[in-house]
Amino acid sequence: METMLANMIEEIMELKKSKDFVILAHNYQLPELQDIADHVGDSLQLATLATQLEKSRILFLGVDFMAETIKLLNPDKTVIVPDPEATCPLANSLTPEIVERYRNEFPGVPIVLYINSTLECKAFADVICTSANAVEIVARLDGQRVIFGPDKNLASYVAEKTGKDIIPIPGETGYCYVHENFKISSPLDARRSYPEAKIMVHPEVPKELRRLADYVGSTGQMLRYPAATDAREFVVGTEIGMLHRLRKTFPDRIFYPLDHAICSNMKLNTLEKVYRSLNEEVYEVTIDEEIARKAFKSVRKMFELMER
Ligand code: SF4
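These figures come from a predicted structure and were not determined experimentally. Sequence order as written defines the numbering, with residues in each chain counted from 1. The predicted origin of the model limits local features to residues at a pLDDT of at least 70 and limits the giving and counting of side-chain atom pairs to 80 or more, whereas totals for whole chains, interfaces and linings rest on all residues. Each side-chain value is worked out from all heavy atoms of the structure, with water and hydrogens disregarded.

Notes on the site of the ligand
- Whether a residue is near a molecule or strand depends on its heavy atoms: if one lies within 4 Å, it is near. All residues adjacent to the ligand are Y28, V63, C88, P89, L90, N116, C176, Y177, V178, E204, C263 and M266.
- In this analysis, the protein atoms alone were mapped onto a 1 Å grid. Cavities are point sets where a 1.4 Å probe fits without being able to get out; pockets are open sets with protein on both sides within 12 Å along at least five of seven lines; lining residues have an atom within 4 Å of a point. Any molecule with more than half of its atoms within 2 Å of a cavity's or pocket's grid points is regarded as sitting in that cavity or pocket. For the ligand, the cavity whose grid points lie within 2 Å of the majority of its atoms is the largest pocket.
- The helix and strand labels rest on DSSP assignments: H or I over at least four residues marks a helix, E over at least two residues marks a strand, and numbering proceeds from the N terminus. Elements with a contribution of two residues or more to the shell around the ligand: α5 (89-92) and α10 (177-180).

If you want it as structure tokens, here you go:
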């Protein structure tokens, strides 16, 4: 079994080289996929990094809205994904019709959409944000009221941190099932089992859990947190793939999962599918030009606000 795996990895590496592809993988991908990737990161990090790469062919390992963001920022590059079914239920919980309805209901109120949204919704937004910069983006907007979606937990975190009146869209149905389903008893259990450990959670977890944590941050921020504290042990409240990334980055620290939280959509990508994808050069990501033009404006606005 191990020899078969090693052979497959070798073949993937050969294909990648001969076909001149670069592999980008999200932090939540399977450990073996993170290990064959040239770069691992969060969705925006990978999309912006792709703009600096010389290679014009990208194999992306993550879910569809991330692949679309890479294509949006790199329209001249070829982007392929191993499984076109790998999607994000959180992103899909919001539709352009809902965004438009709120736009009409609250004229003049800015619409901020999390990067975990479809390209069609991004085209209707005023500005995009990530879990790392959502608080700063909303704080830098004029006015007290902001329409924010689709993650209701990130929306409540932003409301807490900025003191602004956040109108969440689509509301109660907008959440990431992976983060929503952490058990409220888990941080208390973790404190008992690992009394020296710091507990870090993603802002997509519910408010009750955030309050029991030592640190709230995006995956990128979680990767910086261990270096900023003297703690040797950490309990990690996000998708299980992040543990691999943290353990590789900080081999001298110990990381425990808060719960065994798995995103089954992220895990649709496998080594076998990566092999096929490179071999047959499928599945290519394409985006509608008109939608891309509008969505690009809202992404550009995020970069402008972050430069202020
Ligand atoms: S972890 Fe949550 S937000 Fe990320 S892709 Fe899976 S369902 Fe979507």
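What follows continues from the structure just given.
Topic: helix α16 (residues 289-307)
- The span you would expect from a helix comes to 1.5 Å times its residue count less one. Under the 1.5 Å per step criterion, the end-to-end length of α16 is 27 Å for 19 residues, consistent within 8% with the ideal 27 Å.
- Looking at the buried side of α16, the elements it contacts are α3 (43-52), α4 (64-73), α7 (119-122), β6 (127-129) and α8 (134-140).
- Sitting at the head of α16, D288 places a side-chain oxygen 3.0 Å from the backbone nitrogen of E290. Here, residues are in contact when the closest pair of their heavy atoms is within 4.5 Å. Each polar contact in these results corresponds to two N or O atoms within 3.5 Å; when the atoms are within protein, one needs to be able to donate a hydrogen and the other to accept it, and residues that are neighboring in sequence are counted only if both atoms are side-chain atoms.

A look at the pairing of strand β11 (residues 233-237)
- In this scheme, a residue with accessible area under 20% of its type's maximum is buried, one over 50% is exposed, and one in between is partly exposed, where area comes from a 1.4 Å probe on protein chains only. Of all 5 residues in β11, 4 are buried; the element is thus mostly enclosed.
- Judged from the 4 bridges that link them, strand β9 (residues 198-201) and β11 form a sheet pairing that is parallel. Considered in β11, the bridge of K198 is made with F234.
- The criterion for strand pairing is that DSSP finds at least two bridges linking the strands in question. As defined by bridge partners, β11 adjoins strand β12 (residues 254-257) across 4 bridges and the pair is classed as parallel. Opposite E233, over in β12, you have I254 as the bridge partner.

Regarding the sheet that holds strand β5 (residues 111-114)
- Spatial strand order, β6-β5-β7-β8: 4 strands in an open sheet with parallel pairing. The outermost strands of the open sheet, each flanked by one partner alone, are β6 and β8 (165-168). Along the sheet, successive strands turn relative to each other by an average axial angle of 30 degrees, direction set aside.
- Pairing geometry for β5 and β6, over 3 bridges, is parallel. Looking at β6, one finds that Y114 is bridged to C129.
- Helix axes are fitted only over the stretch in contact, all axes being lines through C-alpha atoms; the angle between N-to-C directions runs from 0 to 180 degrees. Each of β5, β7 (145-149) and β8 is contacted by helix α6 (residues 96-105), which is oriented at about 155 degrees to β5, the strand it contacts most.

Looking at the pairing of β5
- Burial along β5 is two-sided: I111 and L113 facing one way and V112 and Y114 facing the other are all buried.
- Note that β5 and β7 share 3 bridges and pair parallel. Note on β7: the bridge partner recorded for L113 is G149.

Quick look at the layout of surface pockets
- Approximately 490 Å³ is the volume attributed to the largest pocket.
- In terms of lining, the largest pocket is formed by 38 residues, of which the most central are H26, S43, Y114, N116 and S131.
- Those elements that place two or more of their residues in the lining of the largest pocket are α3, α4, α5, α10 and α13 (219-222).
- The greatest single-element share of the lining of the largest pocket, amounting to 4 residues, is contributed by α3.
- Split into classes, the residues belonging to the lining of the largest pocket amount to 18 nonpolar, 15 polar and 5 charged.
- In this structure, the second largest pocket spans a volume of roughly 270 Å³.
- Taken together, R103, E120, A123, F124, A125, D126, D288, E290, I291, K294, K297 and S298 make up the lining of the second largest pocket.
- With 5 residues, the single largest contributor to the lining of the second largest pocket is α16.
- Note that Gly is not counted as nonpolar here; it falls among the polar residues with everything else outside the nonpolar set of Ala, Val, Leu, Ile, Met, Phe, Trp, Tyr, Cys and Pro and the charged set of Asp, Glu, Lys and Arg. When grouped by side-chain class, the residues that make up the lining of the second largest pocket number 4 nonpolar, 1 polar and 7 charged. Grid points are joined across faces, edges and corners, and a volume is the space filled by probe spheres set on the points.

Without other data, these values stay purely geometric and don't point to any function.
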